[in-house]
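Structural overview for review
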Amino acid sequence: MKKPLENFLCYEDTSLIEGLKKIDTTSKGTIFVISRQGDKFLGTVTDGDIRRLLFKEPTLDHRIGKLVNTNCLKVEKGETNEDISAKIKSVSYKVRVLPVLAEGKCVDYIEVSPVFQIPVSSPALLGNEFEYVSECIMTEWISSQGKFINKFSEKFSEHYDYEHSIPVMNGTCALHIALVSLGIGPGDEVIVPSLTFAATINSVLHTGATPKIIDVEYDSWCMDPTKIEEAVNQKTKAIIPVHLFGYPANMTGIMKVANQHGLKVVEDCAQAIGAKHKDQYVGNFGDVGCFSFFANKIITTGEGGMCVTNQNSISDMIKKLRDHGRDFSKKGYFHDVVGYNYRMTNLQAAIGLAQLEKVDEHLNFRLNLQDLYREKLRDVKNLTPQNTISDESLGKSVCWLVSYLYEDSENRDLIIEKLKEQGIDARPFFTPLHLMPIYKDYVVGDCENARVLSEKGISFPTFKFKDTETIEKVCSILKSTL
Ligand SMILES: *Cc1c(COP(=O)(O)O)cnc(C)c1O
């Protein structure tokens, strides 16, 4: 219920204490100051104004009139809603309440409800992140050596059964360095799925090799093993399956073809930490697995990545390439290959370790959120949820972004726009690689599944919401819009 205007009105000669009490009763942090005669609106005073004054001049002898913001935002009686919202948008601070004036006198007020804004994703820094980063700063270990690098790497290997985990700067350089460590370069060909983020194919192009784009399976959204052979020839050296949106690619099928043709395999696990094919974690099937810890991934280090491998020689090569191609067995700075500086910093690893300590919690709340969306959106027409698996023998999917196919694909973008108007950031799927002009020469076959999935795909906000009310509100907006 709207409070009476009197709650907000405060005479200019009121004492600070009385003014503060008044502000408290408004619960908006603002009062409207009027002249002693009550016939004139002078301006507003906020609790922040009083706090700042007390810091500067710590005495309670001031009168409220001393603090008045005369050029505060105000509204004339009769102004249109459009004019009012333009005014609110024109200032950088949060407006919670606006005085309404008529002939210089305050006659009413307008409450401005906070704007409902839900991003598609937001990092969950819920553990020791702050403590560990502070430790880096206090101890001055902020560059690419330090205990958090080692701990992050050890714990990553331990948690997901990898022999070696090598932290790097981001997921794209993880993929790049993985390919280079396998000897891939100009003249070679590498097979990638069409439905993925551009980093997958860019990493191939950065080595000088030629990518070959093939289609995905309609059900798993991941690389179709039966399409690989079409793209294989004498020059083919490697395959990069992507575990898309947390769903594990069919690694049994992919490894079978790879082994038949002697191809290396780099798994792009950027969206699928903790996912399993059969009873093994992704990243354990190919020669190298690559992770990203960008801010919208399941765990984050701000920017960051990881290469994992079970082969000692590959691990050594990745470490060498990450560090300018230096030969660590020789004294001095002796370099025997041309490498890169792809090292992760201790600061990033400090955040990464804290994130990893809670990774199962992060994964669980995403899975629970996915279930909740499913339950709420169960009878919405035209909406097909992403497939999931959770089975001892088949594998386990994780949830990166809660994703659906909107079968009425012509209206998918309209839905996204309508949701945006209501403060909800929903996202379309990636544009398939084969439909972007810069990659069009690399296509093998028609990649129809990738095209159709990309036209239908939509991802909804997926992160640790503040409270269940917010989730309920998001779901009800989704339901009514869809
Ligand atoms: C995020 C992502 C990458 C790249 O990771 P960055 O850390 O952003 O460089 C690679 N592949 C896929 C599938 C991704 O989602």
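Each remark here, short or long, concerns the structure printed above.
Residues numbered from 1 in each chain as written. Predicted model: local features only at pLDDT ≥ 70, side-chain atom pairs only at ≥ 80, totals over all residues. Heavy atoms only, no water.

Among the 15 residues in the neighbourhood of the ligand, the closest are listed as G171, T172, D268, S292 and K297. Take G171: an N or O atom from its main chain is 2.7 Å from an oxygen atom of the ligand. Contact with the protein chains removes 93% of the 380 Å² of surface that the ligand exposes when unbound. Taken together, the elements giving at least two residues each to the shell around the ligand come down to α6 (171–181) and α7 (199–207). If one sorts the elements of the shell around the ligand by residue count, α6 sits on top with three residues. (Near = heavy atom within 4 Å. Polar contact = N/O pair within 3.5 Å; in protein donor to acceptor, adjacent residues only side chain to side chain. Areas by Shrake-Rupley, 256 points an atom, 1.4 Å probe, with all protein chains shown as cover. Helix = DSSP H or I, 4+ residues; strand = E, 2+ residues; numbered from the N terminus.)

Moving on, we get to the sheet that holds strand β1 (residues 9–11). The mixed open sheet is built from three strands, whose spatial order is β1-β2-β3. Two strands close off the open sheet at either side, each with one partner strand: β1 and β3 (41–46). Going from strand to strand, the sheet's axes swing by 40 degrees on average, the running direction of each strand aside. Bridging between strand β2 (residues 30–34) and β3 involves five bridges; their strand directions are antiparallel. Opposite F32, over in β3, you have T44 as the bridge partner. The strands touched by helix α1 (residues 16–26) within the sheet are β1, β2 and β3, with β2 carrying the most contacts at an inclination of about 125 degrees. (Pairing = 2+ DSSP bridges. Axes fitted to C-alpha atoms, helices over the stretch in contact; angles between N-to-C directions. Contact = heavy atoms within 4.5 Å.)

This paragraph deals with the pairing of β2. A large share of β2 lies buried, amounting to five of its five residues. Here β2 shows two buried faces, one formed by T30, F32 and I34 and the other by I31 and V33. Pairing between β1 and β2: three bridges, direction parallel. Paired with L9 across the two strands is F32, which belongs to β2. In this view, the connection linking β1 to its parallel neighbour β2 by way of α1 has right-handed handedness. Here β2 hands over to β3 after six residues, with G38 in that stretch at a positive phi of 80 degrees. (Buried < 20%, exposed > 50% of the residue type's maximum accessible area, 1.4 Å probe, protein only. Right-handed = clockwise from strand over helix to strand, strands pointing away.)

Here W221, not a glycine, exhibits a phi torsion of approximately 65 degrees, which is positive. In this structure, W221 sits in the loop between β9 (210–214) and α8 (228–231).

Tracing the sequence through the fold places E469 in helix α15 (residues 468–481). Put simply, E469 and T200 are 269 residues apart on the chain and 38 Å apart in space, counted from C-alpha to C-alpha.

Once that is clear, we can look at the pattern of salt bridges. According to the stated counting rule, one finds 25 salt bridges in the structure shown. With a closest N to O distance of 3.9 Å, K227 and D224 form a salt bridge. With relative accessibility at 25%, the residue K227 sits in the partly exposed group. What makes D224 buried here is its relative accessible area of 11%. Between R451 and E448 there is a salt bridge whose closest N-O contact spans 2.7 Å. One end of the pair is R451 and the other is E448, both in helix α14 (residues 448–456) and three residues apart, which spans about a single turn. Residue class for R451 comes out partly exposed when judged on its relative accessible area of 25%. Taking relative accessible area as the criterion, E448 reaches 32% and is therefore assigned partly exposed. Each of the salt bridges in this network shares a partner with another, and the network as a whole consists of R378, D379 and K479. (Salt bridge = Lys/Arg side-chain N within 4 Å of Asp/Glu carboxyl O.)

Any functional reading would require information that these geometric values do not contain.
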